[in-house]
Amino acid sequence: ATSAPVESIVSLVDGRISRVSSIIDQPVAEGTPILTIESPQLKRQIADAKTSVEQKKLELEAQRKRYLVAIETYGSVTSKEARLLQIDIDLVEQEVRLAVQDLLALYEYQENLTILSPSDGRLVNLLRERGAIVKRGETLGIFERAEVPVVNVFVTEQEARLIYLN
């Protein structure tokens, strides 16, 4: 019997299979999309992160207006009030940068929900179809690597003596 190395294709998130890009038993190159999963939880996290960025931007704008009012009121950017407001502005700017970084990380993670072929090979079994709800860690299919097959031969000791290997 011959066998090629196989591995399980596993979901990294809870979600729904939105696209199956590979056909059973058809050769695929390494890095080719096999299937894509949509995660409602991730969509909610992205929406929340967008809201957070917008709130931080509004807060930043309000702080900048307070700063301008302090300068007009006290007549100097070096007044105690203006300096304190500048510190607040710096802190909120940092919060905006962090919120944007969080949002970008979520977008990058969302892009990684497309499962790619780990090597040249073929999808030999798809356990869940398009539209199926899947859980994190669930096996979705079996992938066979296009490597030199291993030959498993069972012979007697007497037959082994007759085998000539190059």
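Quick note: structure is the one above.
All values reported here derive from a predicted model rather than from experimental measurement. (Residues numbered from 1 in each chain as written. Predicted model: local features only at pLDDT ≥ 70, side-chain atom pairs only at ≥ 80, totals over all residues. Heavy atoms only, no water.)

## Topic: the sheet that holds strand β2 (residues 6-10)
At step 1: Taken in spatial order, the 4 strands line up as β2-β9-β7-β4 in an open sheet, and their pairing is antiparallel. The open sheet has two edge strands with one neighbour each: β2 and β4 (27-28).
At step 2: As paired strands, β4 and strand β7 (residues 121-126) are joined by 2 bridges and run antiparallel to one another. Paired with V28 across the two strands is G121, which belongs to β7. (Pairing = 2+ DSSP bridges. Helix = DSSP H or I, 4+ residues; strand = E, 2+ residues; numbered from the N terminus.)

## Description of the side chain of E144
At step 1: Within the secondary structure, E144 sits in strand β9 (residues 139-145).
At step 2: With a relative accessible area of 19%, E144 lands in the buried category.
At step 3: Of note is the side chain of E144, whose polar atom sits 2.8 Å from the side chain of R122. (Buried < 20%, exposed > 50% of the residue type's maximum accessible area, 1.4 Å probe, protein only. Polar contact = N/O pair within 3.5 Å; in protein donor to acceptor, adjacent residues only side chain to side chain.)

## What about the nonpolar core?
At step 1: Membership of the largest hydrophobic core comes to 22 residues, with the highest contact counts inside it found for I9, I34, L35, I37, I115 and L140.
At step 2: Elements supplying a minimum of two residues to this core: β5 (33-38), α1 (40-74), α2 (80-111), β7 and β9.
At step 3: Ranked by the residues each element gives to this core, the list is headed by α1, at 4 residues.
At step 4: Setting aside residues no more than four positions away along its own chain, I37 makes contact with S11, V13, G15, R16, I17, S18, L113, I115, V134 and L140. (Core = buried A, V, L, I, M, F, W, Y, C linked by side-chain atoms within 4.5 Å. Contact = heavy atoms within 4.5 Å.)

## Quick word on the pairing of β9
At step 1: Taken together, the 5 bridges between β2 and β9 define a ladder with antiparallel strand orientation. Within β9, the position partnered with I9 by the bridge is G141.
At step 2: Taken together, the 5 bridges between β7 and β9 define a ladder with antiparallel strand orientation. Pairing of L123 across the sheet is with F143, part of β9.

## Some words on α2
At step 1: The end-to-end C-alpha separation of α2 is 47 Å, in line with the 46 Å expected for 32 residues at 1.5 Å each.
At step 2: By the burial criterion, the buried members of α2 are A82, L85, I89, V92, V96, A99, L103 and L106.
At step 3: Buried residues along α2 sit in contact with α1. (Expected span 1.5 Å × (residues − 1).)

## Some remarks on the sheet that holds β5
At step 1: Taken together, 4 strands build an open sheet; the order of strands is β6-β5-β3-β8 and the sheet is antiparallel. Looking along the sheet, the strands with just one partner apiece sit at the ends: β6 (114-116) and β8 (133-134).
At step 2: By the bridge criterion, 2 bridges tie strand β3 (residues 15-20) to β8 in an arrangement that is antiparallel. Among the inter-strand pairings, G15 is bridged to a residue of β8, identified as V134.

## Regarding the side chain of S18
At step 1: Note on placement: S18 falls in strand β3.
At step 2: Judged by its relative accessible area of 16%, S18 falls in the buried class.
At step 3: Leave out the neighbours within four places in its chain, and S18 touches T36, I37, E38 and R130.

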